[in-house]
Amino acid sequence: MPERLGVFGLGVAVAAAAWPYLTEATGLGLPCPLRSLTGVPCPGCGLTTAAVALVRGDLAGAVAANPVIVGLAVLSLAVLPLLALRMSGVLPPPVRWSDRARRRTGWGVGVLACASWLFQLHRLGVS
């Protein structure tokens, strides 16, 4: 699971580096579907802005847009050595998480999503 999230984060970093050039060249953006339809932001609102800011080295701008990006970035960086050690055979392949560990992780992600949503509601002034 951490490896998958870390690789996902690396993909986000690559996309965030390319995204500004793509939007400048085409004039297209990526609006939040929930916010476009209802006016209410989702827990992930601001993640694209945060990822682009982080790739550009603007930590304050990234945190202001969506602090969750910092956790994803830290996880991605922490996973790089882990992946290298597993690929070189120094560490064994990952073992399947127990149902209890999966449940705890699910609850943790749920709490994080709720906290992110509350942050977005506050940041965008939705009451």
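Because the structure is predicted, anything quoted here is derived from the model rather than measured.

Engineer: Is there a simple way to think about the overall build of the protein in this case?
Structural biologist: Each helix and strand in the protein was counted, giving six helices and zero strands. Principal-axis analysis of the C-alpha atoms places the extent of the protein at approximately 45 × 35 × 25 Å. Looking at the protein residue by residue over its 127 residues, the buried ones come to 19%. Expressed as a percentage of contacts within the protein between residues at least 6 apart in sequence, the contacts between residues at least 24 apart total 62%. When the accessible surface of the protein is summed, it comes to about 8,600 Å², and 71% of that surface belongs to carbon and sulfur atoms. Considering the protein, the positive charge centre built from 10 side chains and the negative charge centre built from 4 side chains are found 11 Å apart.

Engineer: Where do I start with helix H3 (residues 47-55) in this structure?
Structural biologist: In an α-helix, one turn spans 3.6 residues, which is why side chains three or four residues apart end up on the same side. Buried residues of H3: Ala50, Ala51, Val52 and Ala53, and no others. For H3, the elements touching its buried residues are helix H1 (2-26), helix H4 (59-65) and helix H5 (68-87). Residue Gly57 follows H3 closely and has a positive phi angle near 90°.

Engineer: For this particular structure, what's the right way to read the nonpolar core?
Structural biologist: Looking at soluble globular proteins, one finds that nonpolar side chains tend to be buried together. By size, the foremost hydrophobic cluster in this structure holds nine residues: Ala16, Ala50, Ala51, Val52, Ala53, Ala62, Ala65, Ile69 and Leu72. The element contributing the most residues to this core is H3, with four residues. Setting aside anything within four residues of it in sequence, one finds Ile69 in contact with Val12, Leu47, Ala50, Ala51, Leu54 and Ala62.

Engineer: Sorry, what's going on with the environment of Leu112 here?
Structural biologist: Its place among the elements puts Leu112 in helix H6 (residues 99-123). A relative accessible area of 46% means that Leu112 is categorised as partly exposed. In this structure, the C-alpha to C-alpha distance between Leu112 and Val68, residues 44 residues apart in sequence, is 8.1 Å.

Engineer: Honestly, the packing of H3 against H5 in this entry has me stumped. Any pointers?
Structural biologist: In a packed pair of helices, the relevant descriptors are the angle between the two axes and the axis-to-axis distance. Contact pair H3 / H5: the axes reach a minimum separation of 9 Å and the direction vectors enclose 55°. Classed by the angle they form, the pair H3 and H5 counts as oblique. Judged by the sense of rotation from one axis to the other, the crossing of H3 with H5 is right-handed. Residues Leu47, Ala50, Ala51 and Leu54 of H3 touch H5, and the partners they reach there are Val68, Ile69 and Ala73.

Analysis parameters
Residues numbered from 1 in each chain as written. Predicted model: local features only at pLDDT ≥ 70, side-chain atom pairs only at ≥ 80, totals over all residues. Heavy atoms only, no water. Helix = DSSP H or I, 4+ residues; strand = E, 2+ residues; numbered from the N terminus. Buried < 20%, exposed > 50% of the residue type's maximum accessible area, 1.4 Å probe, protein only. Contact = heavy atoms within 4.5 Å. Areas by Shrake-Rupley, 256 points an atom, 1.4 Å probe, with all protein chains shown as cover. Lys, Arg positive; Asp, Glu negative; His and termini not counted. Charge placed at Lys NZ, Arg CZ, Asp CG, Glu CD. Core = buried A, V, L, I, M, F, W, Y, C linked by side-chain atoms within 4.5 Å. Axes fitted to C-alpha atoms, helices over the stretch in contact; angles between N-to-C directions. Parallel < 35°, antiparallel > 145°, perpendicular 65-115°, else oblique. Left-handed = near helix turned anticlockwise from the far one by under 90°.

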